[in-house]
Amino acid sequence: MNAQLPRTLFDDDHNAFRAVVREFIDGEVVPHLDRWAADGSVDREFYQAAGRVGLLGPAVPEPYGGGGVDDFRYSMVITEELCRVGANAVSMSIGGFNDLVAPYLCGLGTEEQRRRWLPRACSGGLVTAIAMSEPSAGSDLRAIRTSATPEGDHYRLTGAKTFISNGILADLVVVAAKTGPPRDRDGISLFVVERDMPGFTRGRKLAKIGLDAQDTAELFFDEVLVPRTNLLGDEGRGLSYLMHNLTTERMSVTVAAMASMERTLHHTLEYTRQRQAFGRAVADFQHNRFVLAELATQIQVTRVFVDRCVTELVDGTLTPETAAMAKLWTTELQQTVVQRCLQLYGGYGYMREYPIARDFLDARVTTLFAGTSEIMKEIIARSLP
C-alpha cells in the first residue's frame, strides 16, 4: 500500500534478521506448503532446518541453544514473514514454541530442565506443544479435569486434552493439571510430559476448516507416571503462570492476524486491478474503490496500534487489558477484511486455488484461540473505571 506509514518499530538488526528469515521461507516453506496442507502437518525435518538458521528460540539464552536476545520483535519478524506467504499454519507451529513453550521453560525451568530440553528444542530436534484445553474446559481453565496425584517420586497424571497444536508431532508437551483444591494457591500445576512415557497416547488428528498444515490433536493421559523432576515451577501455581504468559500469547495471535490482513488486502488489490467486468477493472468501480479504501484505512490504523502494543510488550509495560484490546480488535477486523475481500473476488473467491479462500478459512480461528473475543471483552470491561 502506497499510503502505508513508515514503521519505526525495527532497527537494523531486526531488518537484517528479516532478510535471513525471508530467504529461508521462500526456499524452505513456500515450495512445500501445498503438500504440508494435504498431509495435515509440516515435515519434522522442517523444524531442524528452522533451527539451523535461528528461527527457533530467538529469546532463549545462548547457553541453552537460543539466540540470546529477549526481544519479541524477532519472533514478530518470523510471524510476519510466514504470514506474508500465507503460511499461517507454519507460523502457529513456530510461534507455538517461541511465544508459548519457550517462555515457560526459560522462566520456570530449573537449570537441569533447561539444559535437558531447550538445546534440542532450539535445534529443531525436539518438537514441543502446550496442552491446556479439554473437551469440557476451554477458556475456563479452572474447570479442567486432568489431574496429577503425588505418588513417591512421581505424579500420576490422568485426563484428556483437545485442540492441541503440534499434538501429533510433539515430543514434549507442557500439560496443565489439577494437583489439589484451590486454597492459598490456584490448585493447578504444569508438567512436562515426554513422548515415550507409558500411558501417554494421541487420539485422532482433528479435521479443521483451516490451518491445514498445522497438526491439531487429542491427547490422552492414562495414569502416566511423570517424574517430580518434570514439574515446571511450583506445585499449585500453574494458573497464575498461564495467566501471566497469556499477554505474550495474545500479542502473538494479534501480530499474525495483522500481517495476514495486510497480505489479504495486497493480493485483493492485485486481483481487482487485473480482473475485468463489464469492460472495466473490478477495482475501477466506485463501490469497490470505496471498499478497498475503507479496508486500507482500517488496516493502517490497526497497524499503528499493534506496533505500539509491541513496543510496550518489549518495554515490559503492556497491560493484559491492552493486549486483550489488541487481540479483540485485530482478529475481529480480520474477519471483516477476509469477508469483504472474498466478495470482491466474486465466484473465484470460493475456489481453494485462490489465496483469498485460504485466508478466509485460516482467519476464522483467530477470534477463538488464546481466549475468545467474548473473553477479551470481559477482561476489558473489568478494567474500565
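Bear in mind the structure is a predicted one, so any value in this text is a computation, not a measurement.

Definitions and limits used
- Residues numbered from 1 in each chain as written.
- Predicted model: local features only at pLDDT ≥ 70, side-chain atom pairs only at ≥ 80, totals over all residues.
- Heavy atoms only, no water.
- Patch = residues over 30% accessible without salt bridge, like charges linked within 9 Å, V, L, I, M, F, W, Y side chains within 5 Å.
- Areas by Shrake-Rupley, 256 points an atom, 1.4 Å probe, with all protein chains shown as cover.
- Salt bridge = Lys/Arg side-chain N within 4 Å of Asp/Glu carboxyl O.
- Helix = DSSP H or I, 4+ residues; strand = E, 2+ residues; numbered from the N terminus.
- Phe/Tyr/Trp six-rings, centres within 6.5 Å; stacked < 30°, edge-to-face > 60°.
- Buried < 20%, exposed > 50% of the residue type's maximum accessible area, 1.4 Å probe, protein only.
- Core = buried A, V, L, I, M, F, W, Y, C linked by side-chain atoms within 4.5 Å.
- Contact = heavy atoms within 4.5 Å.
- Polar contact = N/O pair within 3.5 Å; in protein donor to acceptor, adjacent residues only side chain to side chain.
- Expected span 1.5 Å × (residues − 1).
- 1 Å grid on protein atoms, 1.4 Å probe; cavity = no way out; pocket = protein on both sides within 12 Å on 5 of 7 lines; lining within 4 Å.
- Points joined across faces, edges and corners; volume = space filled by probe spheres on them.
- Nonpolar A, V, L, I, M, F, W, Y, C, P; charged D, E, K, R; others polar.

Chemist: I tried to follow a nonpolar patch on the surface on my own but got confused; where do I start?
Modeler: Side chains of Tyr348, Tyr350 and Met351 sit close together on the surface and give an oily, nonpolar patch of about 360 Å² of accessible area. One can find tyrosine 348 in the loop between α9 (320-345) and α10 (355-363).

Chemist: Help me out: how do you make sense of the packing of aromatic side chains in this one?
Modeler: The geometry of an aromatic ring pair comes down to the distance between the two centres and the angle between the two planes. Scanning the entire structure with this criterion turns up ten aromatic pairs. For the pair phenylalanine 46 and tyrosine 47, a centre-to-centre distance of 5.8 Å together with 65° between the ring planes defines the contact as edge-to-face. The exposure class of phenylalanine 46 is buried, given its relative accessible area of 5%. Judged by its relative accessible area of 4%, tyrosine 47 is buried. Taken together, a centroid distance of 6.1 Å and an interplanar angle of 85° make the contact between tyrosine 271 and tyrosine 354 edge-to-face. Of this pair, tyrosine 271 sits in helix α7 (residues 238-274) while tyrosine 354 sits in the loop between α9 and α10, placing them 83 residues apart in sequence. Assessed through its relative accessible area of 23%, tyrosine 354 is described here as partly exposed.

Chemist: Hey, could you run me through the nonpolar core in this one?
Modeler: A general trend in soluble globular proteins is that nonpolar side chains are found buried together. In terms of nonpolar packing, the biggest core is built from 85 residues, with Val29, Phe46, Val90 and Met251 touching the most fellow members. Considering each element in turn, this core owes the most residues, ten residues, to α7. Setting aside anything within four residues of it in sequence, one finds valine 90 in contact with Val29, Leu33, Trp36, Val42, Phe46 and Leu82. Within the second largest apolar cluster, 19 residues are counted, among which are Tyr155, Leu157, Ala170 and Phe221.

Chemist: What's the story with the environment of glutamate 134 in this structure? I'm lost.
Modeler: On the secondary structure map, glutamate 134 appears in the loop between β1 (128-131) and β2 (147-151). Separated by 97 residues in the primary sequence, glutamate 134 and alanine 37 have C-alpha atoms spaced 25 Å apart. Excluding residues within four positions of it along the chain, glutamate 134 makes contact with Ile144, Arg145, Thr146, Ala160, Lys161 and Thr162. Among the polar contacts listed, one links the side chain of glutamate 134 to the side chain of lysine 161, at a separation of 2.8 Å.

Chemist: Can you help me understand helix α4 (residues 72-84) in this one?
Modeler: Helical geometry: 3.6 residues make up each α-helical turn, so side chains three or four residues apart lie on a common side. Spanning 13 residues, α4 covers 18 Å between terminal C-alpha atoms, matching the ideal 18 Å at 1.5 Å per step. Here α4 has its buried residues at Phe72, Arg73, Tyr74, Ser75, Met76, Val77, Ile78, Thr79, Glu80, Glu81, Leu82 and Cys83. Of the surrounding secondary structure, the elements contacted by the buried residues of α4 are α1 (12-28), α5 (88-108), α7 and α8 (286-315). Where α4 terminates, the next one or two residues include glycine 86, which has phi positive at roughly 80°.

Chemist: For this particular structure, what's the right way to read the layout of surface pockets?
Modeler: To find leftover empty space, a probe the size of one water molecule is rolled over the atoms. In this structure, the second largest pocket spans a volume of roughly 730 Å³. Taken together, 26 residues make up the lining of the second largest pocket; nearest its centre are Asp70, Pro103, His244, Asn245 and Thr248. At the level of secondary structure, the elements contributing two or more residues to the lining of the second largest pocket comprise α4, α5, α7 and α8. With seven residues, the top contributor of residues to the lining of the second largest pocket is α5. Considering only residue class, the lining of the second largest pocket consists of 15 nonpolar, eight polar and three charged.

Chemist: Whenever I open this one, the pattern of salt bridges confuses me. Can you help?
Modeler: Two side chains with opposite charge may pair up if their charged atoms get near one another. A full pass over the atoms with the stated rule returns 29 salt bridges. Across the pair arginine 22 and glutamate 81 runs a salt bridge whose closest N-O atoms are separated by 2.7 Å. Taken together, the residues span a long stretch of sequence, with arginine 22 in helix α1 and glutamate 81 in helix α4 at a distance of 59 residues. The exposure class assigned to arginine 22 is partly exposed, which follows from its relative accessible area of 35%. Take glutamate 81: its relative accessible area is 2%, and that puts it in the buried class. Between aspartate 171 and arginine 44 there is a salt bridge, with its nearest N and O atoms 2.9 Å apart. Remark: arginine 44 occurs in helix α3 (residues 44-52) and aspartate 171 occurs in the loop between β3 (154-165) and β4 (172-178); sequence separation between them is 127 residues. On the basis of relative accessibility, which here comes to 25%, the residue arginine 44 falls in the partly exposed class. Look at the salt bridges and you will find they share partners, linking Arg7, Arg18, Arg22, Asp26, Glu80, Glu81, Arg84, Glu262, Arg303 and Asp307 into a network.

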